[in-house]
Amino acid sequence: MINFSLLDLAPVNQHGSIAQALENSKKMAIAAENHGYHRVWLAEHHGMHGIASSATSLVISHIAAATTRIRVGSGGIMLPNHAPLVIAEQFGTLEALYPQRVDLGLGRAPGSDMATARALRRDLNSSVDDYPQSIRELQAFLGPQQRPPAINAIPGQDSNIPIWLLGSSLYSAKLAAAMGLSYSFASHFAPEQLHEALSLYRHYFKASKQNQGPYASAGLMAVVADSDEQAHYLFTSVQQQFVNLRRGANHQYPPPVDSIVGLCSEPERHMINHTLQYALVGSPATVKAKLLRFLATTDVDEIIVSMPIYDIEARLKSVELFANCVA
């Protein structure tokens, strides 16, 4: 029906370990490959007790080594945190190790609190306003050797790794269109401007060496189980985590509960329902119906789903059931 992919945050479960979280990411990637997913992406976050993918390129290599065909990459690397040369070298190395399988998705948010962002920045005078120029630098490092010889990314040079721009607002949609890059909208946590961003991206797209036409994906959360009731029970983990984030509570990923009603206020429940309005939660039949409605209204070229489920066996089952929904 459509290309479908997996976004993994390497969640660290309550009372769990980083090592187990990374092992679970490997299991998820293997399952995704076995069930026909197109790519697996890891996201850069820092200083969060519930996420183990801060050293994103290392985790990408970890899952790429455990698979053979599926594309791997970042969803995304927060480029303002890094020198473009460093990212070119890291992803050039990944491309050398896993040829024709690597994607480089970029974002401009810090992926952390501001104190952590300041600790990450290579230059305290740099800002997200430098983002377009940083992308151009990165493209140059990943392209042919510069003439006359200048700074070269080794590895990286001539790797021509596909670059994606990720976003939750109109800014990245316009920038991806202007640069002729693939675009992924974060509708799994920022639904407000989904349709306008896709429209702007398609309208203003300019052909490039990478893409002759626009190519857009959208992020969705998916929790698929044997019944609607079981899926909604499993979904309470991510609902709790969103409440924790809103309260500024930095916790590991929580186990599901029978109901979140007693754990949060009515305004918090309203926030959750609005933020996660596109989440695909339910039995295979329920999820397939929701997915078809989403595709009909967005006409995206690809969907990328995160599986915010506490128990790894339930998460792996959701990977399988979702693939059956899309087939």
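The residue numbers shown here count from 1 along each chain, following its written sequence. Totals for whole chains, interfaces and linings use every residue, but because this is a predicted model, local features are given only for residues with pLDDT of at least 70 and side-chain atom pairs only at 80 or more, for both listing and counting. Side-chain calculation: all heavy atoms of the structure are included, whereas hydrogens and water are not.

**Student:** How would you explain the overall build of the protein chain if you had to name every residue and give the values?
**Tutor:** In this text, helices come from DSSP runs of H or I with a minimum length of four residues, and strands from runs of E with a minimum of two, each type numbered from the N-terminal end. Helices and strands together make up the secondary structure of the protein chain, namely 11 helices and nine strands. As defined in this context, the radius of gyration uses C-alpha atoms, and a globule is described by 2.2 Å times the residue total to the power 0.38. In terms of overall dimensions, the protein chain is globule-like: its C-alpha atoms have a radius of gyration of 19 Å, near the 20 Å expected for 327 residues. Based on the C-alpha atoms only, the size of the protein chain along its principal axes is roughly 65 × 40 × 40 Å. Put simply, the protein chain has 327 residues, and 54% of those count as buried. Note on contacts: a residue pair is in contact if any heavy atoms of the two residues lie within 4.5 Å. Within the protein chain, residue pairs in contact and separated by at least 24 positions form 73% of the contacts whose partners lie at least 6 positions apart. Computed with a 1.4 Å probe, the accessible areas rest on the Shrake-Rupley method; for each residue, only the protein chains presented here act as cover. Counting only carbon and sulfur atoms, one obtains 54% of the accessible surface of the protein chain, whose full area is about 14200 Å². Counted as positive: Lys and Arg. Counted as negative: Asp and Glu, with His and the chain ends omitted from the count. Where a charge lies is defined by one atom per residue type: Lys uses NZ, Arg uses CZ, Asp uses CG and Glu uses CD. Averaging the coordinates of the 24 positive side-chain charges in the protein chain and doing the same for the 27 negative ones gives two points 4 Å apart. Here's how the labels work: a residue is buried when its accessible area is under 20% of the maximum for its type, exposed when over 50%, partly exposed in between, all with a 1.4 Å probe on protein chains only.

**Student:** Explain the packing of helix α2 (residues 56-65) against helix α3 (residues 84-97) to me, and be specific about the residues and the numbers.
**Tutor:** The packing of two helices is summarised by the inter-axis angle and the distance between the axes. To get an axis, fit a line to the C-alpha atoms, keeping to the stretch in contact for a helix; angles then go from 0 to 180 degrees between the N-to-C directions. Remark: α2 packs on α3, axes separated minimally by 10 Å, with the N-to-C direction vectors making an angle of 5°. Relative to α3, the element α2 lies roughly parallel. Residue-level contacts link Ser57, Ile60 and Ser61 of α2 to Gln90, Phe91, Leu94 and Leu97 of α3. Note that the term roughly parallel is reserved for angles under 35 degrees, roughly antiparallel for angles over 145, roughly perpendicular for angles of 65 to 115, and oblique for everything else.

**Student:** Talk me through the environment of Ala314; I want residue IDs and the actual numbers.
**Tutor:** For Ala314, the position within the fold is in helix α11 (residues 312-326). In sequence terms Ala314 and Ala225 are 89 residues apart; their C-alpha atoms lie 7.7 Å from each other. In contact with Ala314, not counting residues within four places along its chain, are Leu234 and Ile309.

**Student:** Help me get a handle on the pairing of strand β7 (residues 216-224), residues and values and all.
**Tutor:** Burial analysis of β7 places nine of its nine residues in the buried class, which makes it a mostly covered element. Going residue by residue along β7, you find Ala216, Ala218, Leu220, Ala222 and Val224 tucked away on one face and Ser217, Gly219, Met221 and Val223 tucked away on the opposite face as well. One requirement defines pairing of two strands: DSSP has to find at least two bridges between them. Pairing of strand β6 (residues 182-185) with β7 involves three bridges; the strand directions are parallel. When the bridges of β7 are listed, Ser184 appears paired with Ser217. Looking at chain direction, β7 and strand β9 (residues 302-306) are connected through five bridges and run parallel. The partner of Met221 across the bridge, within β9, is Ser306. Pairing between β7 and strand β8 (residues 280-282): three bridges, direction parallel. Paired with Ala222 across the bridge in β8 is Leu280.

**Student:** Before we move on, can you summarise the layout of surface pockets with the specific residues and values?
**Tutor:** Buried and open spaces are told apart on a 1 Å grid over the protein atoms alone, a cavity being a set of points where a 1.4 Å probe fits but cannot get out and a pocket being an open set with protein on both sides within 12 Å along at least five of seven lines. Residues with an atom within 4 Å of a point are the lining residues. Grid points are joined across faces, edges and corners, and a volume is the space filled by probe spheres set on the points. By volume, the second largest pocket is sized at about 290 Å³. When grouped by side-chain class, the residues that make up the lining of the second largest pocket number six nonpolar, five polar and one charged. When residues are sorted by character, Ala, Val, Leu, Ile, Met, Phe, Trp, Tyr, Cys and Pro go into the nonpolar class, Asp, Glu, Lys and Arg into the charged class, and all the rest, Gly among them, into the polar class.

**Student:** Outline the pairing of strand β5 (residues 163-167), listing residues and values.
**Tutor:** Burial runs high along β5: five of the five residues are buried. Note that strand β4 (residues 102-107) and β5 share three bridges and pair parallel. Counterpart to Leu104 in the pairing with β5 is Ile163. Pairing geometry for β5 and β6, over four bridges, is parallel. By the bridge assignment, Leu165 is partnered in β6 with Tyr183.

**Student:** I'd love a proper account of unusual backbone geometry, names of residues and values included.
**Tutor:** Between Gly75 and Gly76 the backbone carries a cis peptide bond, its omega angle lying at 5°. Within the element layout of this structure, Gly76 appears in strand β3 (residues 71-78). Note the cis peptide between Ile154 and Pro155, where omega equals -5°. The residue Pro155 is located in the loop between α5 (131-142) and β5 in this model.

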